[in-house]
Amino acid sequence: MIKNEWPLWEVFTQKRSGAPFEHAGSVHAPDKEMALQNARDVYSRRNEASCLWVVLSEYITSSSPEDAEAFFEPSNDKIYRHPNFYKTPGATFE
Amino acid sequence: MESHSEQEKEKQFNERIDRGDIIEPKDWMPERYRKQLIRIMGQHAHSEIVGMLPEGNWITRAPSLRRKAVLLAKVQDEAGHGLYIYSGTETLGVSRDQMNQELLSGKAKYSSIFNYPTLSWADMGAIGWLVDGAAIVNQTALAKCSYGPYARAMIRICKEENFHHKQGYEILATLMTGTPEQKAMAQDAVDRFWWPSLMMFGPSDKDSPNTAELMRWKVKKYTNDDLRQRFIDRTVPQAENIGLKLPDDKLKWNPDTMHYEHGEINWDEFYNVIKGNGICNHQRLKARNDAHDKGAWVREAANAYAGKHAEKTMAA
Ligand SMILES: [Fe+2]
Ligand SMILES: [Fe+2]
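Residues numbered from 1 in each chain as written. Chains lettered and ligands numbered in written order. Predicted model: local features only at pLDDT ≥ 70, side-chain atom pairs only at ≥ 80, totals over all residues. Heavy atoms only, no water.

### Considering the interface of chain A and chain B
Reports of interface size often rely on the accessible area that becomes lost once the parts have come together. Spelled out, the test is: When checking whether two residues touch, look at their non-hydrogen atoms; a contact exists if any pair is within 4.5 Å. Salt bridge criterion: a side-chain nitrogen from Lys or Arg within 4 Å of a carboxyl oxygen from Asp or Glu. Strands here are runs of E lasting at least two residues and helices are runs of H or I lasting at least four, both read from the DSSP assignment and numbered beginning at the N terminus. All amino acids are sorted into three groups, where Ala, Val, Leu, Ile, Met, Phe, Trp, Tyr, Cys and Pro are nonpolar, Asp, Glu, Lys and Arg are charged, and the leftover types, Gly among them, are polar.
Facing 25 residues of chain A, the contacting portion of chain B comprises 28 residues. On inspection of chain A and its partner chain B, the count reaches four salt bridges. The partner of D77 of chain B in a salt bridge is R45 of chain A, with the nearest N and O atoms 2.7 Å apart. Breaking the side of chain A that touches chain B down by element, the ones donating at least two residues are β2 (21–28) and α1 (32–43) of chain A. Examining the composition of the side of chain A that touches chain B, we find that four residues originate from one element, α1 of chain A, more than from any other. Residue classes in the side of chain A that touches chain B are distributed as 10 nonpolar, six polar and nine charged.

### As for the packing of helix α8 (residues 180–199) of chain B against helix α10 (residues 224–241) of chain B
All names here are of chain B. The condition that has to hold: Lines fitted to C-alpha atoms define the axes, with helix axes restricted to the stretch in contact, and inter-axis angles between N-to-C directions lie between 0 and 180 degrees.
The interhelical angle for the contact between α8 and α10, taken along N-to-C directions, is 145°, at an axis separation of 9 Å. The segment α8 lies against α10, with W194, S197, L198 and M199 engaging R228, F231, I232 and T235. Grouping the constituent residues of the contact of α8 with α10 by class yields five nonpolar, two polar and one charged.

### A few points about the coordination of the iron ion (ligand 2)
Residue and element names in this part refer to chain B. Condition: Sites may look incomplete, because water is not among the atoms used; the donor set itself consists of N, O and S atoms within 2.8 Å of the metal (3.2 Å for Na, K and Ca). All geometry calls rest on donor angles, where a four-donor set with angles between 85 and 135 degrees is tetrahedral, four- and six-donor sets with opposite donors more than 155 degrees apart and all others between 65 and 115 are square planar and octahedral, and all else is irregular. Exposed residues in this analysis have more than 50% of their type's maximum accessible area, buried residues have under 20%, and partly exposed residues fall in between, with area computed by a 1.4 Å probe over protein chains only.
Every protein donor of the iron ion (ligand 2) is accounted for by E78 (OE), D132 (OD), E161 (OE) and H164 (ND1), and the metal-donor separations fall at 1.9 to 2.2 Å. Coordination geometry of the iron ion (ligand 2): the four donor atoms subtend angles of 82 to 169° at the metal centre, consistent with an arrangement described as irregular. One chain supplies every donor for the iron ion (ligand 2), spaced along it as E-x53-D-x28-E-x2-H. Taken as a pair, the iron ion (ligand 2) and the iron ion (ligand 1) lie 3.3 Å from each other and share E78 as a ligand. In this pair, D132 is assigned in helix α6 (residues 122–142) and E161 in helix α7 (residues 148–175), connecting sequence segments 29 residues apart. Across this residue pair, the class does not change: D132 and E161 are buried.

### Some words on the confidence of the model for chain B
The cut-off we apply is this: Residue-level confidence of the predictor is summarised by pLDDT, bounded by 0 at the bottom and 100 at the top.
Here chain B averages 95 in pLDDT, while 98% of its residues score no lower than 70. In the predicted complex, the global pTM is 0.93; the interface-specific ipTM is 0.88.

### Considering the sheet that holds strand β3 (residues 51–56) of chain A
Residues and elements named next belong to chain A. Spelled out, the test is: For two strands to be treated as a pair, DSSP must find no fewer than two bridges joining them.
Judged by pairing direction, the sheet is antiparallel, and its three strands sit side by side in the order β2-β1-β3 without closing on themselves. Both edges of this open sheet fall to β2 and β3, since each of them pairs with a single strand only. Each strand axis lies, on average, 30° off the axis of its neighbour in the sheet, ignoring direction. α1 rests against β1 (8–14), β2 and β3 of the sheet, and its axis sits at about 110° to β2.

### Brief notes about the side chain of H81 of chain B
Under the convention used in this document: Whenever a nitrogen or oxygen atom comes within 3.5 Å of another N or O atom, the pair is scored as a polar contact, on the condition that within protein one atom can donate a hydrogen and the other can accept it, and that pairs from neighbouring residues in sequence are kept only if both atoms are in side chains.
Along the polypeptide, H81 of chain B turns up in helix α4 (residues 65–90). H81 of chain B gets classed as buried once you look at its relative accessible area, which sits at 0%. A polar atom in the side chain of H81 of chain B sits 3.3 Å from the side chain of E48 of chain B. If we skip the residues at most four places from it in the chain, H81 of chain B touches R45 of chain A together with E48, I157, E160, E161 and H164 of chain B.

### A look at the coordination of the iron ion (ligand 1)
Geometry sets the ideal angles at a metal, namely 109.5 degrees for four tetrahedral donors and 90 or 180 degrees for six octahedral donors. Residues and elements named next belong to chain B. Taken together, E48 (OE), E78 (OE), H81 (ND1) and E161 (OE) make up the protein donors of the iron ion (ligand 1), found 2.1 to 2.6 Å from the metal. With four donor atoms in place around the iron ion (ligand 1) and angles of 83 to 150° between them, the coordination shape is irregular. Positions of the donor residues of the iron ion (ligand 1), expressed as sequence spacing, correspond to E-x29-E-x2-H-x79-E.

### Structural notes on a positive patch on the surface
To keep it simple, the criterion reads: Patch membership requires more than 30% relative accessible area and the absence of a salt bridge. Residues of like charge join within 9 Å; the nonpolar side chains Val, Leu, Ile, Met, Phe, Trp and Tyr join within 5 Å. Only the protein chains shown count as covering a residue, and every accessible area follows the Shrake-Rupley method with a 1.4 Å probe. The convention is simple: Lys and Arg are positive, Asp and Glu are negative, and His and the chain ends are not counted. One atom stands in for each charge, and that atom is NZ of Lys, CZ of Arg, CG of Asp or CD of Glu.
A cluster of basic residues, K144, K221, R230 and R234 of chain B, forms a positive patch at the surface. Among the secondary structure elements, R230 of chain B is positioned in helix α10.

### Details of the packing of aromatic side chains
Test applied: Planes of paired rings set the category: under 30 degrees apart is stacked, over 60 is edge-to-face and the rest tilted, where pairs are Phe, Tyr or Trp rings (Trp by its six-membered ring) whose centres lie within 6.5 Å. A positively charged side chain is recorded as over a ring if its NZ (Lys) or CZ (Arg) lies within 6 Å of the ring centre. The angle to the ring normal must also be within 35 degrees.
Summed over all chains, the structure comprises 16 aromatic pairs over all chains. Between Y43 of chain A and Y84 of chain B, the ring centres sit 5.4 Å apart and the planes meet at 25°, which makes this aromatic pair stacked. In this pair, Y43 of chain A is assigned in helix α1 and Y84 of chain B in helix α4, connecting two distinct chains. Of the two residues examined, Y43 of chain A and Y84 of chain B, each falls in the buried class. Between W194 of chain B and F231 of chain B, the ring centres sit 5.9 Å apart and the planes meet at 25°, which makes this aromatic pair stacked. Taken together, the residues span a long stretch of sequence, with W194 of chain B in helix α8 and F231 of chain B in helix α10 at a distance of 37 residues. Cluster of aromatic residues (ring-pair linked, three or more members): F13, W28, Y33 and W217 of chain B. Geometry around Y84 of chain B places R156 of chain B over its ring, the cationic atom sitting 5.6 Å from the centre.

### Description of the pattern of salt bridges
A side chain with one charge can pair with a side chain of the opposite charge if their charged atoms come near. Summed over the entire model, instances satisfying the criterion amount to 27 salt bridges over all chains. When the shortest N-O distance is used, the salt bridge between R34 of chain B and E31 of chain B registers 3.4 Å. Here the residue R34 of chain B and the residue E31 of chain B both occupy positions in helix α2 (residues 31–50), the gap between them amounting to three residues, near one helical turn. Measuring nitrogen to oxygen at the nearest pair gives 2.7 Å for the salt bridge that ties K74 of chain B to E55 of chain B. Residue K74 of chain B is found in helix α4, and its partner E55 of chain B is found in helix α3 (residues 52–56); the two are separated by 19 residues along the sequence. On the accessibility criterion, E55 of chain B (2% relative accessible area) is buried. One salt-bridge network, held together by shared partners, links R45 and R46 of chain A together with D77 and E160 of chain B.

So, in structure tokens, the structure goes:
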């Protein structure tokens, strides 16, 4: 049997500076330096990234899809948070 | 929270599929959907990994530095493909260790095409053009599959496959402008790889027990025969373009269906290779096991280094 599976890291790539970081996938690695190197070799062989984040997968907390309706409900009835809620007779806004 | 019966949940799941929703790892899914995806994605990942071996065989013998750099890059991409799909499969609750173990023990299946030997340099051309060409057709369809991590891995992979496909064609096109011996070498490679490439799409629809269920769940969007036909239709003109003859007397254009007709596929050969009786099944498995065993000290050293480093950080 194989033992000691290396921990799992989630990989986030930023295409160029100024762009948001996007989840690319995950890699196994024994430590953060090797996680970065593996992430580069797996997810950026063609300059897909100019910067990389790796985060131990176990540190990521996700909201639960089954509770999504209730969890995100508070913003459903607040249409006044959007500009088209307001009447601005005659004036032009860009 | 109201509690849903399994039946109710499955009904809602099917409605999501019908609406074209993409299923994500934490979403509820039927056990059978999960199992099928673990099976398909696992086999796909193993195929990428074992698929490095027939081509790795020629890296040291590539005819020029350019060809060597290209082949290295291609094989490295295949390793990447394997890793994208493994990590996608892990989101379904199976561990990397387990998948590794299943490959090394010979329990896991992978694409039968990789159990054929690579006898000449022209085989690198035939593999890139035909095997990666077939993979592109398959994977382009899978890029629209209902499971998010698999679909995303496929999108990434498809971008890379076009290079694989074209470099293979370029190898054959170059040989076809060469000496009679070089032309014969290219033709021989295509003669050997054409039929196994058609088998890559899997058994004919009538003999494919999983197709209906996988299509219902939009894991598969097209049947094996549909995809095979698509591959044939786009490949025949490419062969003619450089003077290669595909080894099928029955191959001919049908202006009514707007498709090429083709001869009968030898499914006995296909099942025989899957059962482990292909020319290279044993060799491939041994190569994987050797690589794993010989890499043990590297994994141990990396673990030891990481352990020491963590201790230091704790002490500081
Ligand atoms: Fe691949
Ligand atoms: Fe490929």
